[in-house]
Structure formats: C-alpha cells, structure tokens
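Residue-level listing of the chains:
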Amino acid sequence: MTEGDSPTAGTEGSPTAGPAKLNTSVAHNARVWNYWIGGKDNYAVDQQVGEHVAGMFPVIREVARADRAFLARAVRYVAAERGIRQFLDIGTGLPTVDNTHEIAQRIAPESRIVYVDNDPIVLVHARTLLTSSPEGVTDYVDADVRDPDTILQRAAETLDLTRPVALMMLGILNFVLDTGEARDIVRRLVDTLPSGSCLVLTHPTYDGDVGGEGNVAAMEFWNANATPPITARGRAEIASFLEGLEPVEPGLVPCSQWRAETAAAPVPQYGAVAVKP
C-alpha cells in the first residue's frame, strides 16, 4: 500500500481534511523532541528552547533516544512474543525512523495500527504514518488523549476491539497535569480492551535515584517558554497507571533498561509493559 492508498484518505480528521494551523513562533514539544533525536522537522525557536533545556538538563537527549529505543523493543516484544497484531498509539509525535507500524509489520505484515494525536504539526506529517504493508492497515485519528471515548470510537473503525490491542502511551500522560485525570484516562481505555491486551507506557520522573532532579527546573523553564505544559511524576504515581494490570518483567524501570540488549545507564524516564489479565 502506498501513501495515496491510505484507508483513511478523505475521511474526517485525516491529513486530507484541510490545512492545519501551525504556530512557529513558540517552541512545541513535538518539534523540540524531533530536534533532540536528530530530526529535521523543527524551527529555530524549537532549537533554541531545546538547546536551553539541554543546557539545564543535559541528559534530555539521552532520554529522547532511550524512549525511542524502548518503543522499538516494546513493539517487538508484544508482536513477536505476545502475538498482538493491533496497536493503538496515542501521542504519536512526528514520524521518524522505525515508527510503530514499521516495526510491527516487519514482524507481522498483517498488523493494524491506529495513530492518535491532535497536534497540527503531527497532522501535517501524518501521511508518512499512513503507509502500510499490503496485508496490514494504518490509520490516523485526530483526537485528544483527554477524550478516550472518541479515540475508542474512531479506533474501532480500524481495530477489532474484541481482540487484544497494544495500547501505546509513550510520553503522553505527562501532558495531563492532573494525576487523577490521567489515571481515569488510562482506566477508561484499558477497561474497553479485552484480556491479553497490553499497556505500553513511558513517563518522565523527578526521582533522584535515576537522575531526575534536574527535570523540575527544566520543566519550569519549558512551561514558561514552550507548549504544551508538562509534568514529571514519582515512581509510585506512574506505577498507579498500571493498577489492575500484570507488569512484564522487569516491571516499571528506567526505559533505557527495559529488556535492553546491553547494559544501559538509567534515565529519568520510566517505562513498562503491562498485560490485562
């Protein structure tokens, strides 16, 4: 399937729905993150804020790379070892090398992937995500993480929600500033999915034992100079998102160390994969 053959071409909320409004005068998370991992889809303001944050919190580039590497390992795990063939990726971010559908369809070409984001800059680039193996499908839903009912309704047009789904929530709950609201979002999404589904999660932390102390000042600077606002959380708060699920070994750990192929230093970003019983 080529980009022009996307199953969502012409549907409401797809990249063909109309021009998105981009604000290039304020640094934006998707573009700054893209800058940190060496991408080209960013502007001078993103580079300036990205450099300032990296000066305050030098490990941030390592965090960005570790998060991306975790995604690859987690998708390979749920596809190859758990046999999951459906992925709901919320908080997609800008396309880069080895997106979720590329990794999954390399293992199982029939895999079906729904990407979800409400960021105009991501929407502009979403056609890169709407490629697929001939046997599989990719789709893109323009929706906010705070609206799980809409996400599930739209995802059900592509995914069979009676069969296991990998719910991907990498670096997204940190934009839901109220922890209770974030827990409720996860619960509403997971409750709809069947037994055998997986939650794949990463989240930044301020925990000192994994080097997170600098996150506090860096995020204060970010929230004053960029968008959208962000928060870090302690391990116990992040672990609460996994309540009722069965974490896969080694559990909730720095994402750099989750099933890493070689020894890796911790980063202040936790990662986990947990299975719905």
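Rules of the game
Residues numbered from 1 in each chain as written. Predicted model: local features only at pLDDT ≥ 70, side-chain atom pairs only at ≥ 80, totals over all residues. Heavy atoms only, no water. Buried < 20%, exposed > 50% of the residue type's maximum accessible area, 1.4 Å probe, protein only. Helix = DSSP H or I, 4+ residues; strand = E, 2+ residues; numbered from the N terminus. Pairing = 2+ DSSP bridges. Right-handed = clockwise from strand over helix to strand, strands pointing away. Salt bridge = Lys/Arg side-chain N within 4 Å of Asp/Glu carboxyl O. Axes fitted to C-alpha atoms, helices over the stretch in contact; angles between N-to-C directions. Parallel < 35°, antiparallel > 145°, perpendicular 65-115°, else oblique. Left-handed = near helix turned anticlockwise from the far one by under 90°. Contact = heavy atoms within 4.5 Å. Nonpolar A, V, L, I, M, F, W, Y, C, P; charged D, E, K, R; others polar. Core = buried A, V, L, I, M, F, W, Y, C linked by side-chain atoms within 4.5 Å. Expected span 1.5 Å × (residues − 1). pLDDT = per-residue confidence, 0-100.

Describe the pairing of strand β5 (residues 166–170), naming the residues involved and giving the relevant values.
Along β5, five of the five residues are buried, which leaves the element largely enclosed by surrounding structure. For β5 and strand β6 (residues 198–204), the ladder comprises five bridges, and the chain directions are parallel. Each bridged residue has a counterpart across the sheet, and for Ala-166 the counterpart in β6 is Cys-198. Taken together, β5, helix α7 (residues 179–192) and β6 form a β-α-β motif whose crossover is right-handed.

So what's going on with the pattern of salt bridges? Residues and values would help.
Opposite charge on two side chains permits them to pair, given that their charged atoms come into close proximity. Tallied over the entire structure, the rule returns 11 salt bridges. Two residues, Arg-31 and Asp-46, come together in a salt bridge whose shortest N-O distance is 2.6 Å. With Arg-31 in helix α1 (residues 29–36) and Asp-46 in helix α2 (residues 44–56), this residue pair connects regions lying 15 residues apart in the sequence. Per residue, the accessibility class of Arg-31 equals that of Asp-46, and both read buried.

I'd like a rundown of the packing of α1 against α2, residues and numbers included.
Taken N-terminus to C-terminus, the directions of α1 and α2 make an angle of 65°; their axes are 9 Å apart at the nearest point. What the angle tells us is that α1 and α2 run roughly perpendicular. At the point where α1 passes α2, the crossing takes the right-handed sense. The segment α1 lies against α2, with Arg-31, Val-32, Tyr-35 and Trp-36 engaging Val-45, Asp-46, Gln-47, Gly-50, Glu-51, Val-53 and Ala-54. A per-class count over the contact of α1 with α2 returns six nonpolar, two polar and three charged.

I'd like a description of the pairing of strand β10 (residues 269–275), backed by residues and values.
Most of β10 sits out of view: seven of its seven residues are buried. Along β10, one buried face is formed by Gln-269, Gly-271, Val-273 and Val-275 and the opposite face, lined by Tyr-270, Ala-272 and Ala-274, is buried too. The sheet contact formed by β6 and β10 spans seven bridges and is antiparallel. Looking across to β10, one finds that Val-200 is bridged to Val-273. Across two bridges, the pairing between strand β8 (residues 246–247) and β10 is antiparallel.

How would you sum up the packing of helix α6 (residues 148–155) against α7? Please name residues and give values.
Viewed as axis vectors pointing N to C, α6 and α7 meet at an angle of 30°, and their least axial separation amounts to 9 Å. As the angle between them shows, α6 and α7 are arranged roughly parallel. Read as a crossing pair, α6 and α7 show a hand that is right-handed. For the pair formed by α6 and α7, the contact residues are Pro-148, Asp-149, Ile-151 and Leu-152 on the first element and Ile-185, Arg-188, Leu-189 and Thr-192 on the second. Split into classes, the residues belonging to the contact of α6 with α7 amount to five nonpolar, one polar and two charged.

Describe in detail helix α4 (residues 100–107), supporting the description with residues and values.
If you check which residues of α4 are buried, you get Thr-100, His-101, Ile-103, Ala-104 and Gln-105. The inward-facing, buried residues of α4 abut α3 (60–81), β2 (86–90), β3 (112–117), β4 (137–142) and β5.

An account of the environment of Glu-246 is needed here, citing residue identities and associated values.
Mapping Glu-246 onto the fold places it in strand β8. In this structure, the C-alpha to C-alpha distance between Glu-246 and Cys-198, residues 48 residues apart in sequence, is 9.1 Å.

Residues and numbers for the nonpolar core, please.
One finds Val-78, Phe-87, Leu-88, Ile-90, Leu-167, Met-169 and Val-273 to be the most contacted residues of the largest nonpolar core, which totals 90 residues. Of the residues forming this core, the biggest block, 12 residues, is contributed by α3. Setting aside residues no more than four positions away along its own chain, Met-169 makes contact with Ile-90, Val-145, Ile-185, Val-186, Leu-189, Leu-199, Val-200, Leu-201 and Thr-202.

Would you mind going over α3 in detail, with residue names and values included?
In this model α3 runs 31 Å from its N-terminal to its C-terminal C-alpha over 22 residues, within 8% of the 32 Å that 1.5 Å per residue would give. Looking one or two residues past α3, Gly-83 carries a phi angle of roughly 70°, positive in sign.

Any chance you could break down the confidence of the model for the protein chain for me, citing the residues and the numbers?
Summary statistics for the protein chain give a mean pLDDT of 89 and a share of 91% for residues scoring 70 or more. For the stretch residues 1–20, pLDDT sits under 50, and the model shows 35 contacts to residues farther than four places along the chain or on other chains.

I'd like a rundown of the environment of Leu-199, residues and numbers included.
Here Leu-199 lies in strand β6. Along the chain, Leu-199 and Ala-54 lie 145 residues apart, while their C-alpha atoms are 29 Å from each other.

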